[in-house]
Amino acid sequence: MDSFNDMLGAKDILVAEDDKDLRRLLQFDLESSGFKVRLAENGKIALDMIREKKPECLILDVMMPVMDGFDVCKRLKSLDSTKDIPIIFLTARGTTEDKVKAMGFNADDYMIKPFDFKELIARVNLHISKKDMKLYDIEHAGEKAMKNLVCDLSEKLAEPLDQLRKELLEIMARSDGDPGILESVRKCEAVRRGIRDIFVEMQREINPFYDPEPEQESVEV
């Protein structure tokens with residue numbers, strides 16, 4: 001089952017539960033739903049396994065020997081490297097105090113035993129999707145900022161470049177054909193067009209269908 005799930009790129013779920021029978025039941029049901037499952041019998045083992053490889057989601061019991069679930073959650077959520085791992089408490093402790101305590105440690109969800117397995121799978125999928133979307137947004141934040149910068153600069157430079165074009169046309173019209181003035185106009189126009197072309201190409205990197213409006217009158221020397 002593990003090798004098959006690995007080939008499919010199955011999501012890795014870590015189950016930390018001290019009840020052996022429940023651990024095995026969760027493993028069977030999760031693997032039947034297409035997940036790759038690792039098992040830990042207490043909180044300390046779970047932390048060691050997470051240091052070795054971060055899971056996509058952690059299903060965590062509260063009452064466990066050596067280290068309880070609250071302590072595991074507190075430690076994971078306090079570290080930048082593990083704070084984004086979704087943690088779903090699955091426990092017999094259903095008091096409001098326990099739920100508030102779990103939320104205080106930034107747990108992502110809290111389910112009471114006995115539980116409905118279909119609901120557990122739905123919540124696992126939900127929290128993994130939310131985590132993936134968050135990571136996607138973070139990874140693409142720089143790209144989005146660059147696109148916004150290019151668009152902003154293009155808009156701000158459009159009017160000054162057009163005004164420069166008009167001034168060059170005016171200078172050329174008053175030059176009386178003076179070769180020195182015309183050569184200066186030609187050089188300035190080459191630089192102006194170069195700047196415009198750079199931003200047109202940058203816009204097309206963002207939008208391949210970008211088509212700038214044609215200039216009303218070109219500076220031809």
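What you see is a predicted model, and the numbers here were worked out from it, not measured in a lab. Every chain is numbered on its own, with residues counted from 1 as its sequence reads. Predicted model: local features are reported for residues with pLDDT of at least 70 only, side-chain atom pairs are reported and counted for 80 or more only, and whole-chain, interface and lining totals are derived from all residues. As a rule here, side-chain values cover all heavy atoms of the structure and leave hydrogens and water aside.

A. Local environment of the sheet that holds strand β4 (residues 87-91). Two strands qualify as a pair provided that DSSP identifies no fewer than 2 bridges between them. Helix and strand labels come from DSSP, where a helix needs a run of H or I of at least four residues and a strand needs a run of E of at least two; each type is numbered from the N terminus. Pairing in this open sheet of five strands is parallel, and the strands run β2-β1-β3-β4-β5 from one edge to the other. Of all the strands in the sheet, just β2 (36-40) and β5 (109-112) have a single pairing partner and so form its edges. The sheet shows a mean angle of 20° between the axes of neighbouring strands, direction not considered. Note that strand β1 (residues 12-16) and β2 share five bridges and pair parallel. When the sheet's bridge partners are listed, Leu 14 is paired in β2 with Arg 38. Helix-sheet contacts for helix α5 (residues 96-104) involve β4 and β5, and the interaxial angle to β5 is about 155°. Every axis in this analysis is a line fitted to C-alpha atoms, fitted for helices over the stretch in contact. Angles between the N-to-C directions lie between 0 and 180 degrees. By the convention used here, residues are in contact when the closest approach between their heavy atoms is within 4.5 Å.

B. Examining unusual backbone geometry more closely. In this chain, Lys 113 is followed by Pro 114 through a cis amide linkage whose omega measures -5°. One can find Pro 114 in the loop between β5 and α6 (117-139). Phi at Val 66 is positive, roughly 70°, even though this residue is not glycine. Checked against the element boundaries, Val 66 lands in the loop between β3 (57-60) and α4 (69-77). Here Asp 176, not a glycine, exhibits a phi torsion of approximately 55°, which is positive. By the secondary structure assignment, Asp 176 is in the loop between α7 (141-173) and α8 (179-206).

C. Layout of the layout of surface pockets. One number sums up the size of the largest pocket: a volume of about 450 Å³. Note on definitions: the grid is 1 Å and covers protein atoms alone; a cavity is a set of points where a 1.4 Å probe fits but cannot get out; a pocket is an open set with protein on both sides within 12 Å along at least five of seven lines; lining residues have an atom within 4 Å of a point. Along the wall of the largest pocket there are 19 residues; nearest its centre are Ala 158, Arg 196, Tyr 210, Pro 212 and Glu 213. With eight residues, α7 is the single largest residue contributor to the lining of the largest pocket. Note on residue classes: Ala, Val, Leu, Ile, Met, Phe, Trp, Tyr, Cys and Pro are nonpolar, Asp, Glu, Lys and Arg are charged, and everything else, Gly too, is polar. Residues that form the lining of the largest pocket fall into these classes: eight nonpolar, three polar and eight charged. Grid points are joined across faces, edges and corners, and a volume is the space filled by probe spheres set on the points.

D. The arrangement of the environment of Pro 160 in detail. In this fold, Pro 160 is placed in helix α7. Residue Pro 160 is classed as partly exposed on the basis of its relative accessible area of 44%. On a C-alpha basis, the gap between Pro 160 and Asn 207 in space is 23 Å, while along the polypeptide they are 47 residues apart. Under the scheme applied here, a residue whose accessible area is under 20% of the maximum for its type counts as buried, over 50% as exposed, and between as partly exposed, the area being computed with a 1.4 Å probe on protein chains only.

E. Looking closely at a nonpolar patch on the surface. Here, patches come from residues exposed beyond 30% relative accessible area and free of salt bridges, joined within 9 Å for like charges and within 5 Å for nonpolar side chains (Val, Leu, Ile, Met, Phe, Trp, Tyr). Using the Shrake-Rupley algorithm and a 1.4 Å probe, accessible areas are obtained, with residue cover drawn only from the displayed protein chains. Salt bridges are counted wherever a side-chain nitrogen of Lys or Arg sits within 4 Å of a carboxyl oxygen of Asp or Glu. Together, Met 146, Leu 149 and Leu 153 give the surface a local cluster of nonpolar side chains, amounting to about 250 Å² of exposed area. Secondary-structure assignment places Met 146 in helix α7. Note on Met 146: relative accessible area 46%, which makes it partly exposed.

F. Broad picture of the pattern of salt bridges. Under the defined criterion, the tally for this structure stands at 25 salt bridges. Between Lys 131 and Asp 132 there is a salt bridge, and its shortest N-O distance comes to 3.2 Å. Bridged by salt links that share partners, the residues Glu 189, Arg 192, Arg 193, Arg 196 and Glu 215 form one connected network.

G. Quick peek at the pairing of β1. In terms of burial, β1 is largely enclosed, as five of its five residues are buried. Burial along β1 is two-sided: the face carrying Asp 12, Leu 14 and Ala 16 and the face carrying Ile 13 and Val 15 are both buried. Convention used here: a crossover is right-handed provided that the path from the first strand, over the helix, to the second strand proceeds clockwise when the strands point away from the viewer. For the segment spanning β1, helix α2 (residues 20-32) and β2, crossover handedness is right-handed. Here four bridges tie β1 to β3, and the two strands are oriented parallel to one another. Looking across to β3, one finds that Ile 13 is bridged to Cys 57.

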